[in-house]
Amino acid sequence: KRHLLIVSGAFSGTLGVYKVLGLPQCVTLELTDNMKLPGAYANNQFTGDKTYSLKANVGEKNAVMDHFVFVVGETALVQVIDTKDHGTAQSRLVDMFPLGAPGTDVAACETCNERLLAVATVGLANGQPGKEHPGRVHIFTVSTEGKLTLKRTLITDDGRLPDQIKWTKDCRAIIAAIEGEAVPMTPAIGTPYLENPEGGIAVVKFRPSAEGNIADDASATFVFYSFADAGYNSPAKRDPLLLAGVRWSLKNETRTIIKENKLKVAIAEDMTTFSRDLEPEYLALSKDGRTVYVGLQENSAIAIFDLQDAEWKDIKPLQPKEWAITHAGLDPSDEDGGINMDTWKIWGMLMPDTIEIYTGSDGIEYLVTANEGDDKEYVWGDKTANKTTWTEMIRGKDIGKDLVSGDTVPPAASIADKKLLGRIKIGMFDGRTSLPDGNFERIYTMGGRSFSIINTQTWETVYDSGSKMEEILRDHYPTIFNSEAEVKQTQTKQRDVRSDDKGLEVESLTIATVCGQTFLFVGAERTSTIFVFDISNATAPVLHSHISAAGNTAMTPQAAFDISPEPRPNVNSGQIDPEMMSFDHKRHLLIVSGAFSGTLGVYKVNGLPSCCDKPVLTSDMMTVKNEIMRIVNDENVALQVALAALITQNSVLRGDVNGLNTKVIGLESRCPAGASRRADMSLCGEELVPITFTAVLPYTVEEFTADIQNSYKQAVADTAAVVISKVSIDSISATAARRASGVEVVTTVTGVRASNANRVTIENLNKNLKALGLKESSGFKSTTTTSTAAEADKSSSRLSTSAVVGIIVAVLVACGLIGAAVAYNASAAGKVKKDGKAQVDQIHGQGAPNMQNINGHSQAMLGSITASSNPATVV
């Protein structure tokens, strides 16, 4: 706890206490604020009297913009909390909006002229909300004071229950996971039935920025892409997926297995197709924004949708885990008198809730899954009379007579014993020789009680946390091991009650990448514990810390909730059931929604790495540098040329500001939380370091201007921003007349919005070039060079200039210094072609100066590279 070494000196009769220095710092969580959220407002007015209650699912989902947190839940409200003063526990409500139907998700997105919030809800018909109706997505604008203005309400086409929504990075589209959850229907007259809508995703694309803003785009509508329309009910497409391991539980063979069917419920065969059984719940978007990974929880699979082609590409099963080969196994019984983990010969279906994407230290994109587990159960009637249930769950003790003898199942005696496997809930239709009532060849539990990491290129599960999280509960939180909250029962008295079900239920997760390291925050729904891992190396995550967010577990949640006046932060109430967590990248905060406790928690994340002084190479940059190294065998030259090549390949051609940071520069800079400018940084603010890059005309001035304006809104990385000033954009128009008279123009566009204190100076540039091992620069070039068409022909080039000049790239650092910069000035390099002209090939919509296909592992096609150039020359 104290990082001390205690030494007993036997001879000297002394005790020595040594402070141990230099140990690695763990990333930990520190609660700074925790506040109760209202479940209702009188007359649906923000100024009305507020009502608070437990277990109302007030805060199921949250989103962050600046210091504002937006929360939605089953209470049919979106609420805005200003967390600017969280450090003194003075976060406060600033606005709310009644939605008319339970909220399912909320997502924020910001451009340079719009602050947008999207809120998804269940459908509404005749004033009555219901999952069986087409879903809705409300579009709000958000003022700088956190006030909401409803602009539009969109219907998710024919898609029912938009369980999650996600903006694309440029805010020009919203993707909705359409769960299509089945709904038991009990009409006043007639036979009860099951309404099971189709699942899929819905996508709305907004007009380009040149045509107007997003919030007022009246032409934008959702398009629903169902699995049925994609042909997944065809045996040719469906059966290989089933064979590979995709689950299908409600089907023709199982639809009549209804427990105590007192109401004579009939589930129609057409409600049990494969496509209707696929239920999207969560979304993750690839780094390039093209691929959408869609979590199918009950199917224990991930679907893949191509956003550019607007079509489903595949469905990938998640392979079950074998509990027998985990370190400690699992505790499968709530009636065994305590904590009894063992490596039973059973399997666990992962069935993830939250999924997220990140790039590992090896440059590969990985999918992280929170393996909660879930099952389908449909109930008609009430608990006292006429209750009728369809379920896919059964307990171990009920299948003893149906076991297949052999090495794939535990002994029948263990299955029958409630202190062993008799209480464990398992899949009724999984692992059987035939359906609906074949013998069990394997036993499958619901959920993995873990998180997993999956390689999106090979679809290999490279890591699963196994039994680690349940072991942490056993070793550090034994009084709340596999517990759950009840309103009038202490959580300590609820110990072990979830062992027979899904254990701690790993439900929520969020990811933070700081200084090249990636950290995972994982939340367990039932025990309300939060774990922190470093997952930079996807195959070998490292545990940093864990906390109980359940509050005072020796008090009943109701007693803790009723303490008045509410202490801040309310450590007694905690965040029970952390349904969702969000990482605030600007302030290094973890925002936690407690669905059961009706609270919002704000945690300061301590111990994150700081890399203000030295930039970190991204994996993209390393790939290109290493490829060039194979040719020139000089690391310094390779680094410089790679930078110049990437800049030219990606930004000169089309003014791609977003690519400029992520793939062109290949450098990232961050500052520690608390840096003076960090919290104030924004794309549209004035505190920005200028950035200069070269763009080549023509393509037309209009096309180029539109590209710059489209890119102008895009923030780059977490703490960096690039601004192309409107003054510079206007200056491009001045070249139109010369271009019309046959002059080809190479224009350098410079973003100039920066305070004097943060302007790029040669001293700051050289300081950081030196830190990278680069040669220092003598100064900056920022010019416009023209040449006639005749001169261009004379040099056998599409364009002829004295050089492609003034490519100056600056990466912003939130400490007031430039994090890294590279000046690539061919005209001053000292080694050019004999005629004194730098050749530029095909710089016209596509192409690059003597560089082709410098991307990924393609070979850089370079004529010669001179180490003495300043900083490098490509001839």
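Heads up: these notes are all about the structure in this document. (Residues numbered from 1 in each chain as written. Predicted model: local features only at pLDDT ≥ 70, side-chain atom pairs only at ≥ 80, totals over all residues. Heavy atoms only, no water.)

Side note on the overall build of the protein
Turning to step 1, where the next piece is worked out: Along its length, the protein carries 13 helices and 55 strands.
Turning to step 2, where the next piece is worked out: Every one of the 875 residues in the protein was classed for burial, and the buried ones make up 57%.
Turning to step 3, where the next piece is worked out: Looking at the protein alone, contacts between residues at least 24 apart form 62% of all its contacts between residues at least 6 apart.
Turning to step 4, where the next piece is worked out: If you sum the accessible surface of the protein, you get close to 34,400 Å²; carbon and sulfur atoms cover 48% of it. (Helix = DSSP H or I, 4+ residues; strand = E, 2+ residues; numbered from the N terminus. Buried < 20%, exposed > 50% of the residue type's maximum accessible area, 1.4 Å probe, protein only. Contact = heavy atoms within 4.5 Å. Areas by Shrake-Rupley, 256 points an atom, 1.4 Å probe, with all protein chains shown as cover.)

As for the pattern of salt bridges
Turning to step 1, where the next piece is worked out: The full count for this structure, using the stated rule, is 39 salt bridges.
Turning to step 2, where the next piece is worked out: The shortest N-O distance in the salt bridge between D501 and K425 comes to 3.2 Å. Pair noted here: D501 is in the loop between α4 (468-476) and β38 (506-514) and K425 is in strand β34 (residues 425-427), with a separation of 76 residues, a long-range link.
Turning to step 3, where the next piece is worked out: Judged by relative accessible area, which is 7%, D501 ranks as buried.
Turning to step 4, where the next piece is worked out: Residue K425 is classed as partly exposed on the basis of its relative accessible area of 24%.
Turning to step 5, where the next piece is worked out: Ionic pairing is found between R587 and D584, a salt bridge with its closest N-O pair at 2.7 Å.
Turning to step 6, where the next piece is worked out: Exposure remark for R587: the relative accessible area of 15% places this residue in the buried category.
Turning to step 7, where the next piece is worked out: Looking at D584, the relative accessible area reads 4%, which means it is buried.
Turning to step 8, where the next piece is worked out: Taken together, the shared-partner salt bridges connect D375, K425, E484, R498, D501, K502, E505 and R526 into one network. (Salt bridge = Lys/Arg side-chain N within 4 Å of Asp/Glu carboxyl O.)

Focus: the sheet that holds strand β11 (residues 115-121)
Turning to step 1, where the next piece is worked out: With respect to topology, four strands assemble into an open sheet ordered β10-β11-β14-β15, the strand pairing being antiparallel. Unpaired on one side and paired on the other, β10 (103-110) and β15 (148-160) mark the two borders of the sheet. Neighbour to neighbour, the strand axes of the sheet diverge by 20 degrees on average, direction disregarded.
Turning to step 2, where the next piece is worked out: In terms of strand pairing, β10 meets β11 through seven bridges, oriented antiparallel. Bridging across to β11, V106 finds its partner in V119. (Pairing = 2+ DSSP bridges. Axes fitted to C-alpha atoms, helices over the stretch in contact; angles between N-to-C directions.)

Overview of the environment of Y366
Turning to step 1, where the next piece is worked out: Summarising the element assignment, Y366 is placed in strand β30 (residues 365-371).
Turning to step 2, where the next piece is worked out: On the basis of relative accessibility, which here comes to 3%, the residue Y366 falls in the buried class.
Turning to step 3, where the next piece is worked out: Spatially, the C-alpha atom of Y366 lies 5.5 Å from that of T456, the residues being 90 residues apart in sequence.
Turning to step 4, where the next piece is worked out: What Y366 contacts, discounting residues up to four positions off in sequence, is E356, I357, Y358, G360, I453, I454, N455, T456, V462 and A538.

As for the sheet that holds strand β37 (residues 461-464)
Turning to step 1, where the next piece is worked out: If you walk across this open sheet you meet the four strands as β29-β30-β36-β37, and the pairing is antiparallel. The open sheet has two edge strands with one neighbour each: β29 (355-359) and β37. With strand direction ignored, the average angle separating the axes of adjacent strands in the sheet is 25 degrees.

Points about a nonpolar patch on the surface
Turning to step 1, where the next piece is worked out: There is a patch of nonpolar side chains on the surface, built from L5, V7, Y18, V20 and L23 and spanning about 420 Å² of accessible area.
Turning to step 2, where the next piece is worked out: Position of L23 among the secondary structure elements: in the loop between β2 (14-19) and β3 (28-36). (Patch = residues over 30% accessible without salt bridge, like charges linked within 9 Å, V, L, I, M, F, W, Y side chains within 5 Å.)

Concerning α4
Turning to step 1, where the next piece is worked out: The complete set of buried residues in α4 reads M469, E470, E471, I472 and L473.
Turning to step 2, where the next piece is worked out: Summarising the contacts, the buried residues of α4 are in contact with β36 (450-455), β38, β39 (517-524), β40 (529-534) and β41 (542-548).

So, the side chain of S300
Turning to step 1, where the next piece is worked out: Within the fold, S300 resides in the loop between β24 (291-296) and β25 (301-306).
Turning to step 2, where the next piece is worked out: Here S300 falls in the buried class, since its relative accessible area comes to 2%.
Turning to step 3, where the next piece is worked out: Beyond its immediate chain neighbours, meaning those up to four positions away, S300 contacts R247, P317, L318, M349, L350 and M351.

Focus: the state of the cysteines
Turning to step 1, where the next piece is worked out: One pass over the structure, following the stated rule, counts one disulfide.
Turning to step 2, where the next piece is worked out: The disulfide partner of C109 is C171, and the S-S distance across this bridge is 1.9 Å. Disulfide C109-C171: torsion about the S-S bond near -85 degrees, hence left-handed. Here C109 is found in strand β10, whereas its partner C171 is found in the loop between β16 (162-167) and β17 (173-178), with 62 residues between them in sequence.
Turning to step 3, where the next piece is worked out: The class of C109 is buried, set by a relative accessible area of 9%.
Turning to step 4, where the next piece is worked out: The class of C171 is buried, set by a relative accessible area of 0%. (Disulfide = S-S within 2.5 Å.)

Quick word on the packing of aromatic side chains
Turning to step 1, where the next piece is worked out: On inspection of all chains with the given rule, the structure shows 16 aromatic pairs.
Turning to step 2, where the next piece is worked out: Ring centres 5.0 Å apart and planes at 75 degrees place the aromatic pair F97 and F140 in the edge-to-face group. Remark: F140 occurs in strand β14 (residues 134-142) and F97 occurs in strand β9 (residues 92-98); sequence separation between them is 43 residues.
Turning to step 3, where the next piece is worked out: With a relative accessible area of 23%, F97 lands in the partly exposed category.
Turning to step 4, where the next piece is worked out: An aromatic cluster of three or more residues is present, and its members are Y225, F227, Y232, F305 and W312.
Turning to step 5, where the next piece is worked out: Over the ring of Y52 we find K36; its NZ or CZ atom is 5.9 Å from the centre of that ring. (Phe/Tyr/Trp six-rings, centres within 6.5 Å; stacked < 30°, edge-to-face > 60°. Lys NZ or Arg CZ within 6 Å of the ring centre and 35° of its normal.)

Considerations on the pairing of β10
Turning to step 1, where the next piece is worked out: Within β10, six of the eight residues are buried, which leaves the element mostly enclosed by the surrounding structure.
Turning to step 2, where the next piece is worked out: From the end of β10 to the start of β11, which pair antiparallel, there are four residues.

Digging into the nonpolar core
Turning to step 1, where the next piece is worked out: Membership of the largest hydrophobic core comes to 28 residues, with the highest contact counts inside it found for V368, F451, I453, L520 and I535.
Turning to step 2, where the next piece is worked out: Those elements giving two or more residues to this core turn out to be β30, β36, β37, α4, β38, β39 and β40.
Turning to step 3, where the next piece is worked out: Beyond its immediate stretch of four places on either side in the chain, I453 contacts Y358, Y366, L367, V368, E460, T461, V462, Y463, I535, A538 and P541.
Turning to step 4, where the next piece is worked out: In this structure, A182, W390, I394 and I426 belong to the second largest nonpolar core, which totals 25 residues. (Core = buried A, V, L, I, M, F, W, Y, C linked by side-chain atoms within 4.5 Å.)

Looking at the pairing of strand β43 (residues 589-594)
Turning to step 1, where the next piece is worked out: Among the six residues that make up β43, six are buried, leaving the element largely enclosed by the rest of the structure.
Turning to step 2, where the next piece is worked out: Burial along β43 is two-sided: the residues L589, I591 and S593 and L590, V592 and G594 are all buried.
Turning to step 3, where the next piece is worked out: The hairpin formed by strand β42 (residues 578-584) and β43 contains four residues between the paired strands, and H588 there has a positive phi angle of roughly 55 degrees.
Turning to step 4, where the next piece is worked out: Sheet topology places β43 next to strand β44 (residues 599-606); six bridges connect them, and they run antiparallel. By the bridge assignment, G594 is partnered in β44 with T599.

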